Amino acid sequence: QFREEIIMKKYLRVFISLNILIFIVTLYSCSKKSKDLITKKKDLIVVDIAPEYVFTKTKLPIYEYRNEPHISYVSVTEFIDFIDEGIIDVSVNITEEMIISFELEEYQAYYEMTIDAHNDVVSFNDINMLANLNAEILTEYETELTLSDIEVYEQDPAVEIDLSLYNFDIVTYDDEYYLPLFLANLFLTGDFINIYETDDYLYILDNFTDINDLVVKYKAGKDKAIKDISIYTKNYLALYFDYFYGLKGYKKIDTYLTELDEYDFENKNSYLSLHRELERFINEHDDLHTTIVTSGYMNDSFYPTLNSNDKYINYVRAYLNNQCNVREEEVTYQNYEDLIVVEINAFSLDTKSLLVDVMKKANAYDNIIIDVGCNGGGNVVAVIELLSYLTNKEIPIAYINPLTGSKIIEYYKGTNKALVNKNIYVFSTAATFSAANLFTSIVKDLDLAVILGEKSSGGASAITYTVLPDGAIIINSSNMTFVNHDNNIIEGGIEVDIPYQYPVNWSNILNYIK
């Protein structure tokens, strides 16, 4: 019996030692895995090509997340520090969640973004936080226009985005929060700025950047295999179009999670085939504002194919028929015996100054035609500058956020002497688009002129950019969507009062009208 006790004690010591060893190995293994959850990959070299901001940071660390090794992650606090010269001052607080916030005292507005890593949710108390996040641009626009009144019809502006539905992870590690770089670009740079990652560089762009300035700088990339990245592009498109595409409801789409089931992004074997599928997805929206700007540094062989949608074909037909391609000046005029035709071929920050002399000449005529038949749009403030020559009354600019249902009407007053007691006409074609479409809509709502020509091509929303995980950049209709006085989205174009087809004979147009 004594011998058996000794043997049992020996076995017990071995058993305990073995379990201690297993526990130590397991502990070491768990500790190693925890440490490897986020590892630093490298520092990206920063290149600033944003003309309206000055960024002084020279590098940004990017990280590898163990479960998603094919995409770059960034530390949220490091990213905010990196981009801080392009955004207003924000407060960052971390408890069980990360809360990023700021206050605009002049508007009595408080904005808060909550990043919940446990549930992979990003939520906003007011989604307009993103539109108000950017710092002031460098260019100061001088105008005599005044915002005389504003009406706000606010629905609940809070938005919650469940990233897990789109298979994206928020990661916490060592009390820090990490996001995929393309999501940091979406949520933390505001409406005016984008960042663009290549193999070793990070380019900073703003809405005034010429994309060609980016394209000529990067070299064809080799760091992203198509099989590793295509699913991220599909999931990002679903997320982005669900929350940041302004015509989603107008086109009666419930969610892009199911809409994108019709597209085979994940099984493409080349970037060219991936971007052909992206092109098909975009073209089927029949939205001239939404298009591929560049296929990016991973695909230098992509060229757009012909868009066969009716709206695009009508736009091109009108553009060519009216010889818009030979119009080089933004603002010019043609005068006839009893008529002056004022051509406004674009709306820009120069429109105000370009109008001064032309409108003085126009005031000497009783019959004035404002020709926006070749105007593809531009800056909304320039639209208001032109409208201020047509009325002394307040000019309403009405827009909605289709995501929340909120509506804002801004009223502007100008100091220009309006063209009163004149016969004013507006000429539009299917090449009249975007901001020119808005101009035509307001003219019709306020009964400022007789509209002749043909129905415009719409373009109801302001535009915005985004960078896809594969490096392509797209432009799209945003959630700032303009409506007419009946609260209808003006995407379908504006009907004319008097139809008039090409070719245009300005010298005989008054006889036709009468």
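Analysis parameters
Residues numbered from 1 in each chain as written. Predicted model: local features only at pLDDT ≥ 70, side-chain atom pairs only at ≥ 80, totals over all residues. Heavy atoms only, no water. Buried < 20%, exposed > 50% of the residue type's maximum accessible area, 1.4 Å probe, protein only. Helix = DSSP H or I, 4+ residues; strand = E, 2+ residues; numbered from the N terminus. Arc of directions from axis to C-beta. pLDDT = per-residue confidence, 0-100. Contact = heavy atoms within 4.5 Å. Salt bridge = Lys/Arg side-chain N within 4 Å of Asp/Glu carboxyl O. Core = buried A, V, L, I, M, F, W, Y, C linked by side-chain atoms within 4.5 Å. Axes fitted to C-alpha atoms, helices over the stretch in contact; angles between N-to-C directions. Parallel < 35°, antiparallel > 145°, perpendicular 65-115°, else oblique. Left-handed = near helix turned anticlockwise from the far one by under 90°. Disulfide = S-S within 2.5 Å. Pairing = 2+ DSSP bridges. Polar contact = N/O pair within 3.5 Å; in protein donor to acceptor, adjacent residues only side chain to side chain.

Every buried residue of helix H2 (residues 76-83) is accounted for by Val76, Phe79, Ile80, Phe82 and Ile83. Mapping the buried residues of H2 onto a view down its axis gives an arc of 160°, with all of them on the same face.

Below, the discussion takes up the confidence of the model for the protein. The share of residues in the protein with pLDDT of 70 or more is 93%, and the mean pLDDT across the chain is 92. Low pLDDT (under 50) marks residues 1-12, which in the prediction has 0 contacts with non-local residues, meaning those over four places away or in another chain. Below a pLDDT of 50 lies the segment residues 14-18, which in the model reaches 0 contacts outside its immediate sequence neighbourhood of four places, other chains included.

We now examine the pattern of salt bridges. Tallying each qualifying case throughout the model produces 17 salt bridges. One salt bridge in this structure joins Asp84 and Lys57, with 3.4 Å as the shortest N-O distance. Highlighted residues: Asp84 in the loop between H2 and strand S4 (91-94) and Lys57 in the loop between strand S1 (38-48) and strand S2 (59-65), separated in sequence by 27 residues. According to the relative accessible area criterion, Asp84 is partly exposed, its value standing at 34%. Residue classification places Lys57 among the partly exposed residues on the basis of a relative accessible area of 26%. Arg280 serves as the salt-bridge partner of Glu277, at 2.9 Å between the closest nitrogen and oxygen. In this pair, Glu277 and Arg280 both sit in helix H7 (residues 271-283), 3 residues apart, roughly one turn of the helix. Judged by relative accessible area, Glu277 falls into the buried class, the value being 8%.

Right, let's get into the nonpolar core. By size, the foremost hydrophobic cluster in this structure holds 96 residues, and its most contacted members are Phe79, Met113, Phe187, Leu278 and Phe281. Considering every element that reaches this core, the biggest residue donor is helix H5 (residues 226-244), with 11 residues. In contact with Phe79, not counting residues within four places along its chain, are Leu60, Val74, Leu181, Ala184, Asn185, Leu188, Thr189 and Ile195. Residues Leu355, Leu390, Ile395 and Ile451 belong to the second largest nonpolar core, which totals 42 residues.

Turning our eyes to something else, we now look at the environment of Tyr256. The residue Tyr256 is located in helix H6 (residues 256-259) in this model. Each C-alpha atom, one on Tyr256 and one on Leu237, is 7.8 Å from the other, the two residues being 19 residues apart in sequence. In this structure, Tyr256 is in contact with Ala238, Phe241, Asp242, Tyr245, Lys248, Phe281 and His285, ignoring residues within four places of it in sequence.

As a packed pair, helix H9 (residues 351-362) and helix H10 (residues 380-387) sit with axes 9 Å apart at the nearest point and diverge in direction by 20°. The orientation of H9 relative to H10 falls into the category roughly parallel. In terms of crossing hand, the pair formed by H9 and H10 is right-handed. Of H10, the residues touching H9 (which contributes Thr351, Lys352, Leu355 and Met359) are Ala382, Glu385 and Leu386.

Inspection of the entire model under this criterion finds 1 disulfide. The disulfide partner of Cys324 is Cys374, and the S-S distance across this bridge is 1.9 Å. Across the S-S bond of Cys324 and Cys374 the torsion is about -75°, and the bridge reads as left-handed. Here Cys374 lies in the loop between strand S17 (367-371) and H10 and Cys324 lies in the loop between helix H8 (310-321) and strand S15 (331-335), a separation of 50 residues in the sequence. The exposure class of Cys324 is buried, given its relative accessible area of 5%.

As for its position among the elements, Leu339 is in the loop between S15 and strand S16 (340-344). Distance in space between the C-alpha atoms of Leu339 and Asp126 is 50 Å, their sequence separation being 213 residues. Not counting residues within four places of it along the chain, the set of residues in contact with Leu339 comprises Gln334, Tyr365, Asn367, Ile368, Ile369, Trp506, Ile509 and Leu510.

So, about the sheet that holds S1. A sheet is described by the order of its strands in space; here 7 strands give the open sequence S10-S11-S3-S2-S1-S13-S12, paired in mixed fashion. On the outer flanks of this sheet lie strand S10 (171-173) and strand S12 (193-197), each paired with one strand and no other. Looking at each pair of strands side by side, their axes are set apart by 40° on average, direction ignored. Strand direction decides the pairing type here: S1 and strand S13 (residues 201-206), joined by 4 bridges, are parallel. Residue pairing for S13: Asp48 is matched across the bridge by Ile204.

Attention shifts here to the side chain of Asn479. Tracing the chain through its elements places Asn479 in strand S23 (residues 473-482). A residue is classified by how much of its surface remains accessible, and Asn479, at 15% relative accessible area, is buried. A distance of 2.8 Å separates the side chain of Asn479 from the backbone oxygen of Tyr243, its partner in a polar contact. Residues in contact with Asn479, not counting those within four places in the same chain, are Tyr243, Phe244, Tyr245, Gly246, Ile400, Asn401, Pro402 and Leu403.

The subject of this paragraph is the pairing of strand S22 (residues 461-467). Here 6 bridges tie S22 to S23, and the two strands are oriented antiparallel to one another. Across the sheet, Thr464 pairs through a bridge with Asn476, a residue of S23. Between the antiparallel neighbours S22 and S23 lie 5 residues, among them Gly471 with a positive phi of about 105°.

Let us look at the sheet that holds S17. Taken in spatial order, the 6 strands of this open sheet run S15-S16-S17-S20-S21-S24, and their pairing is mixed. Unpaired on one side and paired on the other, S15 and strand S24 (498-499) mark the two borders of the sheet. Note that S15 and S16 share 5 bridges and pair antiparallel. Directly across from Asn335, in S16, lies its bridge partner Ile340. Relative to S15, H9 is tilted by about 15°, and along the sheet it contacts S15, S16 and S17.

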